[in-house]
Amino acid sequence: SPGSRGVNALARLIAERNRFFHWRLEFPEVFAKGGFDCVLGNPPWEVSQLGEEEFFASRSSHVATLSGDRRKQAIAKLETDDPILWRDYCETKRVYEATNTFLRESSRFPLTAKGKLNTYALFAETILELTRTEGRAGFIVPSGIATDDSTKAYFAHITSKGKLVSLFDFENSKGIF
């Protein structure tokens, strides 16, 4: 139907713009055998929320240097003082909010989409799903993977299912990393 062609075209446009990646579609032969034998990684460690200081650092150093209520007031004034920057800020904020809603409510990350979302935990859960039952995974993440309240379901899962072989934790007191 004409309406579905429009929806399909929009879906393709959104997929191209966001560069979606679907593991099972990209590697069907691997998942036909249960997943990867070995997965190694160093996922990004980013909190999934809009950092106003970061956002405005390159766009409006004045707003970036303000704090608390003063920054909130300056951001609100952008609607009339700099509508282009205001729209950019609102769109970026909307993308973060929509992404977080998806991550929490899609059932894609039942073990790690809790509390303040961090990409390392979401990647850890993805690695768990990519690795076949008899396979092994190794990845570098903060020790919060074992200690944070937001990752306790994930850690309980990997320990109760015998998935955890070893965990190395160290403090970077000498600033090597």
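The text that follows walks through the structure, step by step, so that each part is easy to find. (Residues numbered from 1 in each chain as written. Predicted model: local features only at pLDDT ≥ 70, side-chain atom pairs only at ≥ 80, totals over all residues. Heavy atoms only, no water.)

**Overview of the overall build of the protein**
In plain terms, the rule: Secondary structure counts use DSSP, requiring at least four H or I residues in a row for a helix and at least two E residues in a row for a strand, with both numbered from the N terminus. As a reference, a globule follows 2.2 Å times the number of residues to the power 0.38, and the radius of gyration itself is taken over C-alpha atoms.
The secondary structure content of the protein amounts to ten helices and two strands. Reading the secondary structure of the protein in the N-to-C direction produces α-α-α-β-α-α-α-α-α-β-α-α. Compactness check: the protein gives a C-alpha radius of gyration of 21 Å against a globular reference of 16 Å for 177 residues, more than 25% above the reference. Projected onto the principal axes, the alpha-carbon positions of the protein cover approximately 60 × 60 × 25 Å.

**Topic: the pattern of salt bridges**
This is how it is decided: We count a salt bridge whenever a side-chain nitrogen from Lys or Arg sits within 4 Å of a carboxyl oxygen from Asp or Glu. Exposed residues in this analysis have more than 50% of their type's maximum accessible area, buried residues have under 20%, and partly exposed residues fall in between, with area computed by a 1.4 Å probe over protein chains only.
What the rule picks out here adds up to ten salt bridges. Ionic pairing is found between K72 and E52, a salt bridge with its closest N-O pair at 2.9 Å. Taken together, the residues K72 in helix α6 (residues 68-81) and E52 in helix α4 (residues 52-57) connect sequence positions 20 residues apart. Residue K72 is classed as partly exposed on the basis of its relative accessible area, which comes to 47%. Assessed through its relative accessible area of 12%, E52 is described here as buried. Put simply, E52, E53, R71 and K72 are held in one network by salt bridges that share partners.

**Side note on the side chain of T151**
By the element assignment, T151 lies in the loop between α9 (144-147) and α10 (152-160). T151 sits in the buried class, given a relative accessible area of 1%.

**Some points on the packing of helix α8 (residues 119-130) against α10**
We apply this condition: The convention used is that axes are lines fitted to C-alpha atoms, helices contributing only their stretch in contact, and that angles between N-to-C directions extend from 0 to 180 degrees. Angle categories are assigned with fixed cut-offs, so that under 35 degrees is roughly parallel, over 145 is roughly antiparallel, 65 to 115 is roughly perpendicular, and the rest are oblique. Crossings are sorted by hand: turned counterclockwise from the far helix by less than a right angle, the near helix makes the crossing left-handed, and turned clockwise it makes it right-handed. Contacts: residue pairs with any heavy atoms within 4.5 Å of one another. In the scheme used here, Gly and all other residues not listed as nonpolar or charged are polar, with Ala, Val, Leu, Ile, Met, Phe, Trp, Tyr, Cys and Pro taken as nonpolar and Asp, Glu, Lys and Arg as charged.
Contact geometry for α8 and α10: axes closest at 11 Å, N-to-C directions at 30°. It follows that α8 is roughly parallel to α10 by the angle criterion. Here α8 runs over α10; the crossing is left-handed. Residue-level contacts link A124, E125 and L128 of α8 to Y154, H157 and I158 of α10. Its residues assigned to classes, the contact of α8 with α10 comprises four nonpolar, one polar and one charged.

**Quick look at unusual backbone geometry**
In the Ramachandran plot, R19 falls in the positive-phi region, its phi being about 50° despite a non-glycine side chain. Along the polypeptide, R19 turns up in the loop between α1 (2-18) and α2 (23-26). Overall, R19 belongs to the exposed group, its relative accessible area being 72%.

**Digging into a nonpolar patch on the surface**
This is how the line gets drawn: Note that patches include only residues with greater than 30% relative accessible area and no salt bridge, and the join distances are 9 Å for like charges and 5 Å for nonpolar side chains (Val, Leu, Ile, Met, Phe, Trp, Tyr). Computed with the Shrake-Rupley method and a 1.4 Å probe, the accessible areas treat only the protein chains shown as cover for residues.
Taken together, the side chains of L10, L13, I14 and F20 present a nonpolar region at the surface, about 380 Å² in accessible area. Structurally, L10 is set in helix α1.

**Focus: the packing of α6 against helix α7 (residues 83-105)**
At a closest axis distance of 6 Å, the pairing of α6 and α7 adopts a crossing angle of 125°. Relative to α7, α6 is oriented oblique. Handedness of the crossing formed by α6 with α7: left-handed. Contacts between α6 and α7 pair I75, A76, L78, E79, T80 and D81 from the former with P83, L85, W86 and Y89 from the latter. Residues belonging to the contact of α6 with α7 are distributed by class as follows: seven nonpolar, one polar and two charged.

In short, the description is geometric, and any link to function would need to be established separately.
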